[in-house]
Amino acid sequence: MSSKINFTFDNVLGVYYAGQIVSGTAELITERSKTIRSIYVTVNGFVETRWQESVEKPGEDGKLVKSLETRTATEIFYSNDKYVYGQSGGSQLELPKGKYVFPFQTTIPPQAPTSFNGTHGQVKHEVTLTIDRAVRYNNIFKQCFTVILPNDLNANPSLSQPLKRIEEKTFWWGSIFGGNKPMVMDVSTTYSAYVPGQKINFHVVLDNQSDVQCQDVKVRLFKNVKYRGKANDQEQVKTTEVRIADKHCGEVDKHNKALFDEYLMVPPTTPSTLSERDPIQVSYTLRFIAKTFRLHGGGDLIVDFPLVIGTVPLVGSANDKGPVQKAQQANTNGNYSPLPEPNFQEDVSTEHFESNTYKPRYPVYLFDGQLGAANGAAAAKSPVPSIYPKAVDTTPAAPVEYTPNPVSPAGKPIATVTQKTPPYPVQAPAAGATAPGGNFEVLGFSIPPGYQPTPSAPADGPGSIGWK
């Protein structure tokens, strides 16, 4: 490739909150000169969904015929174009080879949604540099960055309440042998909402009065994504459920009782969606499962809770030791441990929309001295990546020689256009040879010397050009 691009953001991680200013530079390196019309940089954010479904429709003979229908939706949140060389629809210009640095900057809307990359859709924020070429195809270079819509859990007081429920289940296996006692599961958590990096401390009491053995008590965190799209002006919905965290507590024999005080770590993942009108909505389910043999009938004992994942943890949640000790924590008179600063880690999900393999970074809070465990042994010796790196922590880059950026023409070309060198060799005129009108250029093509118009197009006709 004769050209390449290096995008650099003022934030080294390329992570921004909605409402902030995203800025940086695009370094263009060309190995040979180009004939172009303009160069412009675009910063935009948009959402798109797309998937296919099999539908049955009556055919010409009245019978049902299966076909594939595509559901799709697109919405642009913001878009900012800036011409850094040339102008839209301008004349051809020469871009010499070299290194050029073009700055970009725009303000992200305060309600711009969080970056997301999923199976059937994406919320994408990106910078694009386009080289508009007059004759050949355009050169387009793109770089994604992460935008996070803040979700402060303290804004909703109900999220500080615990999740608590008691469920029971009976099995037909026990009735065969004259018993019909249930399996009872008592589940509780400290809060109703958490942030990535935080422990979901839970308390489970499984009273297995039945004649069925519980193979395992599982706790799982699921990400639920709802995609909206349209086909034939009718809105359709596609939902997916992906497990992102898992905990195995152990088995409980029949006629036994067990207690589990454990925790499930929230991995780097997309915050819960705040708006119900977004084409992509993300929510979470915390599921407790008492696993049994299928042969015993009745299925597993399952307790589901809706869970909210935010970007700012609840005040006091850094002291969380589990739902049993929450009453004791209420007597601390507000003497809570200070919240740690988050770092930003890539999404744990491996799903992606079509060819987009970019992984957004989400805020992860490191509680209870988890820095070394979360980032490896080397992380304890190095500073945690921050969204606002300090100047003293940043090693200054070595100076790089760049070609001065070309200056765009002052305005659109007038009727008399200065003759430009065509982007291909032109045969030199023979000595002493002259042609009416000289050797001139039309639409980027040079008319050779010795050209004579056809009789049907007189040479002196105003505005007429004939071709042999």
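This is a predicted model, so every value here is computed, not measured. (Residues numbered from 1 in each chain as written. Predicted model: local features only at pLDDT ≥ 70, side-chain atom pairs only at ≥ 80, totals over all residues. Heavy atoms only, no water.)

### Re the overall build of the protein
Selection rule: By definition, any uninterrupted DSSP run of H or I lasting at least four residues is a helix, any uninterrupted run of E lasting at least two residues is a strand, and each is numbered from the N terminus. Each accessible area is a Shrake-Rupley result for a 1.4 Å probe, and residues are judged covered by the shown protein chains and nothing else.
Summing up its helical and strand segments, the protein has three helices and 23 strands in all. Here the protein displays about 25700 Å² of accessible surface, and carbon together with sulfur accounts for 52% of that area.

### What to know about the confidence of the model for the protein
Using the following cut-off: As a per-residue quantity, pLDDT reports the predictor's confidence and falls between 0 and 100. Should any heavy atoms of two residues lie within 4.5 Å, those residues are counted as being in contact.
For the protein, per-residue confidence averages 80 on the pLDDT scale, and residues scoring 70 or more make up 74% of the total. Of the regions scoring below 50 in pLDDT, residues 413-448 engages in 22 contacts with residues more than four places distant in sequence or in other chains. With pLDDT under 50 throughout, residues 456-468 is counted as low confidence; its partners more than four residues away or in other chains account for nine contacts.

### Things to note about the environment of Thr8
Just so we agree on the cut-off: Residue exposure (1.4 Å probe, protein chains only): buried if accessible area is under 20% of the type maximum, exposed if over 50%, otherwise partly exposed.
Tracing the backbone shows Thr8 in strand β1 (residues 3-9). Judged by its relative accessible area of 44%, Thr8 is partly exposed. Each C-alpha atom, one on Thr8 and one on Ala26, is 6.4 Å from the other, the two residues being 18 residues apart in sequence. Apart from the residues within four sequence positions on either side, Thr8 is in contact with Ser23, Gly24, Thr25 and Phe104.

### A word on the pairing of strand β12 (residues 183-189)
This is how it is decided: Here the rule is simple: two strands pair whenever DSSP picks up at least two bridges between them.
With six of seven residues buried, β12 lies mostly within the body of the structure. Two strands pair when backbone bridges link them, and β12 and strand β14 (residues 199-208) are joined in this way by seven bridges, in the antiparallel orientation. Within the sheet, the bridge partner assigned to Val187 lies in β14 and is Val204.

### Let's talk about the packing of aromatic side chains
Selection criterion: Stacked, edge-to-face and tilted are the three classes for Phe, Tyr and Trp ring pairs, Trp counted by its six-membered ring, which pair at centre distances within 6.5 Å; planes under 30 degrees apart are stacked, over 60 edge-to-face, the rest tilted. Working rule: Lys NZ or Arg CZ, within 6 Å of ring centre, within 35 degrees of ring normal, means a charge sits over the ring.
Using the criterion set out here, one finds 12 aromatic pairs in the structure. Here Phe9 and Phe145 contribute two aromatic rings whose centre-to-centre distance is 5.6 Å and whose plane-to-plane angle is 55 degrees, an arrangement assigned as tilted. With Phe9 in strand β1 and Phe145 in strand β10 (residues 139-148), this residue pair connects regions lying 136 residues apart in the sequence. As far as burial versus exposure is concerned, Phe9 and Phe145 are alike and both buried. An aromatic cluster is present here, built from Phe9, Tyr16, Phe104 and Phe145 joined pairwise through their rings. The positively charged end of Lys199 is found above the aromatic ring belonging to Tyr263, 4.3 Å away from the centroid. Over the ring of Tyr263 we find Lys247, and its NZ or CZ is 5.1 Å from the ring centre.

### Topic: the nonpolar core
The test is simple: Side-chain atoms within 4.5 Å are what join buried Ala, Val, Leu, Ile, Met, Phe, Trp, Tyr and Cys residues into a set we call a nonpolar core.
Formed by 49 residues in total, the largest nonpolar core has its most connected members in Leu206, Phe288 and Leu307. Setting aside residues up to four positions removed in sequence, Leu206 forms contacts with Met183, Val184, Met185, Cys214, Val217, Val252, Asn256, Lys257, Ala258, Ala290 and Leu301.

### Re the pattern of salt bridges
The condition that has to hold: Any Lys or Arg side-chain nitrogen located within 4 Å of an Asp or Glu carboxyl oxygen qualifies as a salt bridge.
Within the structure shown, the criterion is met by 16 salt bridges. One salt bridge connects Arg71 with Glu69, and the closest N-O pair in it is separated by 2.7 Å. Of the two residues, Arg71 and Glu69, neither departs from the other in class, the shared state being buried. Three or more residues joined by partner-sharing salt bridges are found here, namely Glu53, Lys57, Glu69 and Arg71.

### Brief notes about the sheet that holds β12
Applied cut-off: Fitted lines through C-alpha atoms give the axes, limited to the stretch in contact for helices. The angle between two N-to-C directions lies from 0 to 180 degrees.
Strand order in the open sheet formed by four strands is β11-β12-β14-β17, and the pairing between neighbours is antiparallel. Of all strands in the sheet, those bounded by a partner on one side alone are β11 (164-169) and β17 (256-265). On average, each strand axis in the sheet is inclined to that of its neighbour by 15 degrees, with strand direction left out of account.

### Re the side chain of Ser3
Along the chain, Ser3 falls in strand β1. In this structure Ser3 comes out as buried when scored by relative accessible area, which is 3%. The residues contacting Ser3, other than those within four sequence positions of it, are Leu28, Ile29, Thr30, Lys34 and Phe141.

### Quick word on the sheet that holds strand β3 (residues 21-30)
Taken in spatial order, the three strands line up as β1-β3-β7 in an open sheet, and their pairing is antiparallel. Each having just a single partner strand, β1 and β7 (98-107) make up the two edges of the open sheet. Averaged over all neighbouring strand pairs, the angle between strand axes comes to 20 degrees, with direction disregarded.

### Description of the environment of His203
This is how it is decided: Whenever a nitrogen or oxygen atom comes within 3.5 Å of another N or O atom, the pair is scored as a polar contact, on the condition that within protein one atom can donate a hydrogen and the other can accept it, and that pairs from neighbouring residues in sequence are kept only if both atoms are in side chains.
You can see His203 is positioned in strand β14. For the pair His203 and Val324, spaced 121 residues apart in sequence, the C-alpha to C-alpha distance is 7.5 Å. In this structure the side chain of His203 is engaged in a polar contact, spanning 2.6 Å, whose partner is the side chain of Asp261.

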